[in-house]
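Results of the structural survey
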Amino acid sequence: MKSPLHRCAVVACGLLSASCDRLGEREAITESREISTHAAKPNIDIPSATRFFDDAKNEPEQQRPDFRSLLTWTVPDGWSENTTPDPMGMRLLDLRFGPNKEGECYISLMPGSAGGLEANVNRWRMQMGQPAYTPDELAKLPKKPFFNREATFVAFDGDFKGFGADTAKTGYRMLGLIHSTEQATIFVKLTGPKALVEQNNAAFDTFCQSIKPNLPKE
């Protein structure tokens, strides 16, 4: 008995042969229609690449602005930049620290209010398996100096489940700063095992204070 795969191959070859045999046949055109006066006139002189949009592939891509160049910072001792590209493209700077680089700290810059303080803080709370803050709790969050102004500071413990993670990492702590203006919102977020984060509290503060606008040189 021949296998199903063999039978499929035979059928496929038969169809291919039939198609090839008909290439030499001629079929007369017996019907035609008038083109409406309202229809767009066909462009008969354009190349096939334009007709099938293949020439769009050759157009140069619009270059994205380099937001990293808008800021300057100092990386703390023992911290290093992550070499794996951010799949979401949201991180201007992505740092790692700890014996196994299990701690991470990054900067994000978003246009405008980026959804507002409440939405962003409670999104972080959800990542740590914590309930959302009430408006009163949000209003009582401490402030820290940042960019010669003030930024909202958060610190909470829990089981951290980052974006796209299947399971949560237990015993974690998160630190974060959110500074918002009409033009843009800057996020500085640090996560890691609680003991490791406690060891790097001062480094986090020093790093945040080092972040400045990269003013053009005169």
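See the structure above.
Rules of the game
Residues numbered from 1 in each chain as written. Predicted model: local features only at pLDDT ≥ 70, side-chain atom pairs only at ≥ 80, totals over all residues. Heavy atoms only, no water. Salt bridge = Lys/Arg side-chain N within 4 Å of Asp/Glu carboxyl O. Helix = DSSP H or I, 4+ residues; strand = E, 2+ residues; numbered from the N terminus. Buried < 20%, exposed > 50% of the residue type's maximum accessible area, 1.4 Å probe, protein only. Pairing = 2+ DSSP bridges. Polar contact = N/O pair within 3.5 Å; in protein donor to acceptor, adjacent residues only side chain to side chain. Contact = heavy atoms within 4.5 Å. Patch = residues over 30% accessible without salt bridge, like charges linked within 9 Å, V, L, I, M, F, W, Y side chains within 5 Å. Areas by Shrake-Rupley, 256 points an atom, 1.4 Å probe, with all protein chains shown as cover.

Enumeration over the complete set of coordinates arrives at 8 salt bridges. With a closest N to O distance of 3.1 Å, arginine 91 and glutamate 104 form a salt bridge. Residue arginine 91 is located in the loop between β2 (80–81) and β3 (93–97), and its partner glutamate 104 is located in strand β4 (residues 103–111); the two are separated by 13 residues in the primary sequence. With a relative accessible area of 27%, arginine 91 lands in the partly exposed category. Here the residues in one salt-bridge network are Arg91, Asp94, Arg96 and Glu104, joined through shared partners.

Time to look at the pairing of strand β6 (residues 149–160). Each regular strand carries side chains that alternate between the two faces of the sheet. Bridge analysis of strand β5 (residues 143–146) against β6 gives 4 bridges, and the strand direction is antiparallel. Opposite proline 145, over in β6, you have glutamate 150 as the bridge partner. Hairpin connection, β5 to β6: the antiparallel pair is bridged by 2 residues, and phenylalanine 147 has positive phi, about 60 degrees. Examined bridge by bridge, β6 and strand β7 (residues 169–180) share 8 bridges and lie antiparallel to one another. Pairing of threonine 152 across the sheet is with isoleucine 178, part of β7.

To continue, consider the environment of methionine 88. Tracing the sequence through the fold places methionine 88 in the loop between β2 and β3. C-alpha separation for the pair methionine 88 and phenylalanine 163, spaced 75 residues apart in sequence, amounts to 9.7 Å.

Another point: the environment of aspartate 205. Looking at the element boundaries, aspartate 205 is found in helix α6 (residues 201–210). Here aspartate 205 falls in the partly exposed class, since its relative accessible area comes to 31%. The spacing of aspartate 205 and proline 145 is 60 residues in sequence and 9.7 Å in space, taken between C-alpha atoms.

Right, let's talk about the side chain of threonine 152 for a bit. With respect to the helices, strands and loops of the structure, threonine 152 is situated in strand β6. Under the relative-accessibility criterion, threonine 152 is labelled buried at 6%. Among the polar contacts made by the side chain of threonine 152, one reaches the side chain of lysine 143 at a distance of 2.9 Å. With sequence-adjacent residues up to four places away left out, threonine 152 is seen in contact with Leu117, Leu141, Pro142, Lys143, Gly176, Leu177 and Ile178.

Notably, phenylalanine 147 is not glycine yet its phi reads approximately 60 degrees, a positive angle. On the secondary structure map, phenylalanine 147 appears in the loop between β5 and β6. Of note in the backbone geometry, asparagine 148 takes a positive phi value of approximately 60 degrees without being a glycine. In this fold, asparagine 148 is placed in the loop between β5 and β6. When its relative accessible area of 78% is taken as the criterion, asparagine 148 is described as exposed.

A cluster of nonpolar side chains, contributed by Met88, Met90 and Phe163, occupies part of the molecular surface with about 360 Å² of accessible area. A residue is classified by how much of its surface remains accessible, and methionine 88, at 48% relative accessible area, is partly exposed.

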